[in-house]
Amino acid sequence: MSSENLTSSVADTNAGEPAAAKKGNPAGKVANWADERLGLATLAKKNLRKVFPDHWSFMLGEIALWSFVVLLLTGVFLSLWFKPSMAEVEYMGSYDQLRGVPMSEAYASTLDISFDVRGGLLMRQMHHWSAMLFIAAMLVHMMRVFLTGAFRKPRELNWVIGGLLILLGILEGFAGYSLPDDLLSGTGLRIADGLVKATPVLGTYMSFFMFGGEFPGDDIIPRLYIVHVLLIPGLLLALIGAHMLLLVFHKHTQWPGPGRTEKNVVGYPMLPVYAAKAGGFFFIVFGVTALMGGLLSINPVWKYGPYDPSKVTAGSQPDWYMGIAEGLLRIMPGIETHLWGHTLSWNVFIPGQLMPIVLLMIVLSWPFLEAWVTGDKREHHLLQRPRNAPTRTAFLAAMMSIYGLLWAAGGNDILAVIFHLNLNHITYFMRVAVFVVPVLVFILTRRWCISLQRSDEARLLHGYETGIIMRSPEGGYTERHLPVSEASAYTLTARQRDQVYDAGADADANGVSRDGSRIARIRARLSRGMFENNVQKPTAAEIEDAHHHADEVHELEHAMEGHSADGHQFDGRHPVDGEELRNH
Amino acid sequence: MSHDDNLPEVPADERAAMAAEEPLPNPGIEPHTPRPTDVDKKAEKRAERQVATFFGLSMICTILFVVAYFALDIKDDPDTIGGLGASNVALGLSLGFALLLIGIGVIQWARKLMADVEIVEYRHPATSSQEDREATLAALSQGLEESGIGRRPLVRNTLLGSVALLGIPAVVALADLGPVATKSVRKRTLETTFWRSGTRVVNDVTGLPIKADDLEIGQLVNGEPEGLVHVPEHREGVTYLEGAALQIEKTKSAVIAVRMQPDEITFSRRSPENWSVAGILVYSKICTHVGCPISLWEQQTHHLLCPCHQSTFDLADGGRVVFGPAARPLPQLPITVDDEGYLVAQSDFNEPVGPSYWERDSE
Ligand code: HEM
Ligand code: FES
């Protein structure tokens, strides 16, 4: 299908003619010059009108992308004044309360950015707000991809890249948070030092190498600085580039619907609509960040004072994205093993190092696990509704509940104060809840999804409930159902049937399994667990049957026409000429 | 199996059966419904004016930004408006709206005036065509063949060996990142603090030495060894530290001095009576979990709570952990009084302070 024949009904401002480079047109000349050297036209021809499907949830990744751009811009501004040095200086700037106090140059220059560089505080706050937005948007984007099955073949690699981006984003945020060398950031580094020291065998060496000797030393901020402004941004940039290239190569997934198939992509062309919307959206993200930076205070480092390893404030909290590590650290019981003159701090090593890695690995490996269980080698470009993958959706809900609990556990002192609870009780509760709640959430979410599937099936087979109650001549009452529109009916059926893997089918004629029967049995069990209870879409015959039944009801209705239940003929679907309410 | 078929794993007959089972046919893309701006000249003009207004307002905001930049002094009270300075608020608002209005304008333009006809593009499977794969494999094996890498294992293996060896300098060259944590280095660093026999305990804010009588029952004072707190006049014979050296020593040497009723204290081998003076005990302030300084004192229960992850220590019972993720009691500093009656250390701590590390128990 081409678009030309359709543009006729479109606003005149879009001249139907493409902007052909006229002779003597300077832009055309430049384009010509460039193409003769770079051959861009061949590449551009394919991509200028590339199709992007539209849906609000596709915007989440865009928020992450644009807030990264805002981070780059504001970060460069900050780096013009920030001095990554731990040399001791006496503060002489504009902020009265700290004048004359000895502090590191890093902290003093952060105060200068806040109080002596015009727009500096705005840029600092925008930088910090966009960092929050960046990580939050990545997490929500990842949830969208997971819930809709967009990670399935051929997009598994982009899923892994996305996971690495989140990991790097969190590390980058931590490095940035540590740079100003205020009391909170120093406390964060102290905790990081404790985590590193808990590494079996190598911990002490690693800590000394990180800090150039004992904590805190005077090397860590210059080192974190180069990590923060060059190393990780470079990696992020490369991975984001790869992420976008793969996106273009695979073409975006789309929701099923009329005309949308596994083999096409329906949407707006990159030029002009998608480019305009995405470009406009950049300005919106940038603008919202500027408003937040202008109106909402974040990380007011001057209130915390310079880092002093012997001081700490009550209720000290890391940025929210460190919340689960914080929660894990807090609820872990204090277990340590002392063996042959060596100390193994399980209380730090497990929550601080092992668990975050395990959680990340589980998330990264899900697409491969799911593909192995289903044995599905097909490409998938149509998204699934979360309810149509109940086990997967329930898994995410369970993970989210763990995340939420750990997050709450990370703020257990604040919860205790706000709700007047006993801190120890909250912690004991959390120790149990992180094991029990996810299981409950999993079971409930799965059931909920399956009942949503049932209601979809009912809508498809019996139509939607009109709210009109009818009485038959025999005195029975029924609610009148009307069929859903052709488009929505099709959309409801536009999904694949789940196939439960049968280990027996893999066995040869003699009943001997071909490849490791144990593994096959595990796979079969997982497959049953994942798909057995799902509601499959009806077959053509079932729909036929249901419609047949509906016709009978319809005949019944016809028979009643004229002496029907009061009022139902006024439902706007019947001619009501000559009808009056209660005229008999 | 055709090349651009996305369902290659299902045999044709099965697929036909599945198609028959498809309950409903695909009705195809819904027809395009024109928007008011497509059919109504007036609506179109109105939208055009609307978009231009957004852009115009954005320009005004940009000018306001420049005006605010020069007109408002940031050195004034930084807390004029809602905890933020007037300059910050004005710059944020003007920049924010300058950007936001461009964004809104462009999107409005796209929604109201640009063609809103959906178009279709066909997908191709990610995999390359069979010919391409074969050609690639052929080129690859020809290249390898011509290089002789398979035929000359000597050359190949020495090359691999030499490149692999280069990994060693890459690691070795980083060795100067920090001292190697050998036993003697650990002894000198992690396992030694600023406390010596006779070092006075001073208040961590005033830097003044503390007498037993200065402390009331139930009172807790944050202390440092003398030399780690800046005082106007330095006492003779005391080393005063600055900069990184000061920070490192504070990380290990910060203490808390607490006075309790002597009969409420449980003395033990860990916490012998002769380490205390008149019910005053001095403990390391550094949490044995991951090293935060501990600060929250509950007089009634003698409990000290770490604000980082809420480990709680019983100071009346040798610094035992009563709650939370810490696994070891707080190290105690043996103290006595000097001839002038000030609290002093008997010696350094006799175990490393702060978070655990692998070699901590080695002795
Ligand atoms: C991509 C992700 C990035 C994240 C998540 C991030 C995050 C942060 C955070 C949370 C801070 C603390 C801000 C504060 O003081 O409240 C910070 C500081 C800083 N960032 Fe970034 N940043 C990123 C990229 C960059 C880039 C690309 C640059 C420079 C080219 C940069 C330069 C700086 C500088 C100089 C500081 C210290 C100044 C200050 O704290 O006021 N950042 N960063
Ligand atoms: S550092 Fe004290 S509880 Fe973690």
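Residues numbered from 1 in each chain as written. Chains lettered and ligands numbered in written order. Predicted model: local features only at pLDDT ≥ 70, side-chain atom pairs only at ≥ 80, totals over all residues. Heavy atoms only, no water.

Participant: Now, about the UniProt feature "transmembrane region" (unreviewed entry) in chain A: what can you tell me, with residues and values included?
Facilitator: Residue and element names in this part refer to chain A. The sites that carry the UniProt feature "transmembrane region" (unreviewed entry) are, in the present numbering, residues 63-82, 131-151, 157-179, 225-250, 271-298, 354-373, 394-419 and 425-445. Here residues 63-82 runs as 85% helix and 0% strand, with 27 Å between its end C-alpha atoms. Span residues 157-179 is 96% helix and 0% strand, its end C-alpha atoms 33 Å apart. (UniProt positions renumbered as here; feature names shortened; annotations may be inferred. Helix = DSSP H or I, 4+ residues; strand = E, 2+ residues; numbered from the N terminus.)

Participant: Can you tell me about the nonpolar core, naming the residues and giving the values?
Facilitator: In terms of nonpolar packing, the biggest core is built from 85 residues, with A:Met126 and A:Phe134 touching the most fellow members. In terms of residues, this core owes the most to one element, helix H5 (residues 120-147) of chain A, which gives 13 residues. Those residues in contact with A:Phe134 that lie beyond four places of it in its chain are A:Ala64, A:Ser67, A:Phe68, A:Leu71, A:Gly169 and A:Leu236. Membership of the second largest hydrophobic core comes to 26 residues, among which are A:Leu329, B:Leu281, B:Cys287 and B:Cys306. (Core = buried A, V, L, I, M, F, W, Y, C linked by side-chain atoms within 4.5 Å. Buried < 20%, exposed > 50% of the residue type's maximum accessible area, 1.4 Å probe, protein only. Contact = heavy atoms within 4.5 Å.)

Participant: Explain the domain arrangement of chain B residue by residue, including any values.
Facilitator: Parsing chain B into structural domains produces domain 1 (36-112) and domain 2 (201-345). Its C-alpha centre places domain 1 of chain B at a distance of 57 Å from the equivalent point of domain 2 of chain B. (Domains from an automatic or database assignment.)

Participant: Lay out the state of the cysteines in plain terms, naming residues and giving numbers.
Facilitator: Structurally, a disulfide amounts to a covalent bond that connects the sulfur atoms of two cysteines. Residue and element names in this part refer to chain B. According to the stated counting rule, one finds 1 disulfide over all chains in the structure shown. Disulfide pairing is shown between Cys-292 and Cys-308; the S-S distance is 1.9 Å. Note on the Cys-292 and Cys-308 pair: the S-S dihedral is about -80 degrees, so by sign convention the disulfide is left-handed. Remark: Cys-308 occurs in the loop between strand S7 (303-305) and strand S8 (312-314) and Cys-292 occurs in the loop between strand S5 (280-284) and strand S6 (296-298); sequence separation between them is 16 residues. (Disulfide = S-S within 2.5 Å.)

Participant: Could you give an account of the packing of helix H7 (residues 183-197) of chain A against helix H13 (residues 346-374) of chain A, naming the residues involved and the relevant values?
Facilitator: Each pair of packed helices gets described by two things: the angle between the helix axes and the distance between those axes. Residue and element names in this part refer to chain A. Following both chains from N to C, one finds H7 and H13 inclined at 105 degrees, their axes separated by 9 Å at the closest point. Judged on the interaxial angle alone, H13 and H7 are roughly perpendicular. Taking contact as the criterion, the partners of Gly-194, Leu-195 and Val-196 in H7 are, on H13, Val-348, Gly-352 and Gln-353. Taken together, the residues that form the contact of H7 with H13 break down as 3 nonpolar, 3 polar and no charged. (Axes fitted to C-alpha atoms, helices over the stretch in contact; angles between N-to-C directions. Parallel < 35°, antiparallel > 145°, perpendicular 65-115°, else oblique. Nonpolar A, V, L, I, M, F, W, Y, C, P; charged D, E, K, R; others polar.)

Participant: An account of the pairing of strand S4 (residues 264-269) of chain A is needed here, citing residue identities and associated values.
Facilitator: Counting buried positions along S4(A) gives 6 out of 6 residues, so the element sits mostly inside the fold. In this structure, strand S1 (residues 51-52) of chain A lies alongside S4(A), joined through 2 bridges in antiparallel fashion. Looking at S4(A), one finds that A:Val51 is bridged to A:Pro269. Pairing analysis gives 4 bridges linking S4(A) to strand S1 (residues 119-122) of chain B, with the strands arranged antiparallel. The residue of S1(B) that forms the bridge with A:Val265 is B:Glu121. (Pairing = 2+ DSSP bridges.)

Participant: So what's going on with the site of ligand 1? Residues and values would help.
Facilitator: All names here are of chain A. Around ligand 1, a shell composed of 25 residues is seen, among which Arg-124, His-127, His-128, His-228 and Asn-299 lie nearest. Between His-128 and ligand 1, the recorded distance is 2.5 Å, taken from a side-chain N or O atom to an oxygen atom. Contact distances for ligand 1 include 2.7 Å between a nitrogen atom and a side-chain N or O atom of His-228. Among the elements that take part in the shell around ligand 1, helix H3 (residues 59-79) stands out by supplying 7 residues, more than any other. Of the residues assigned to the shell around ligand 1, the class counts are 14 nonpolar, 9 polar and 2 charged. (Near = heavy atom within 4 Å. Polar contact = N/O pair within 3.5 Å; in protein donor to acceptor, adjacent residues only side chain to side chain.)

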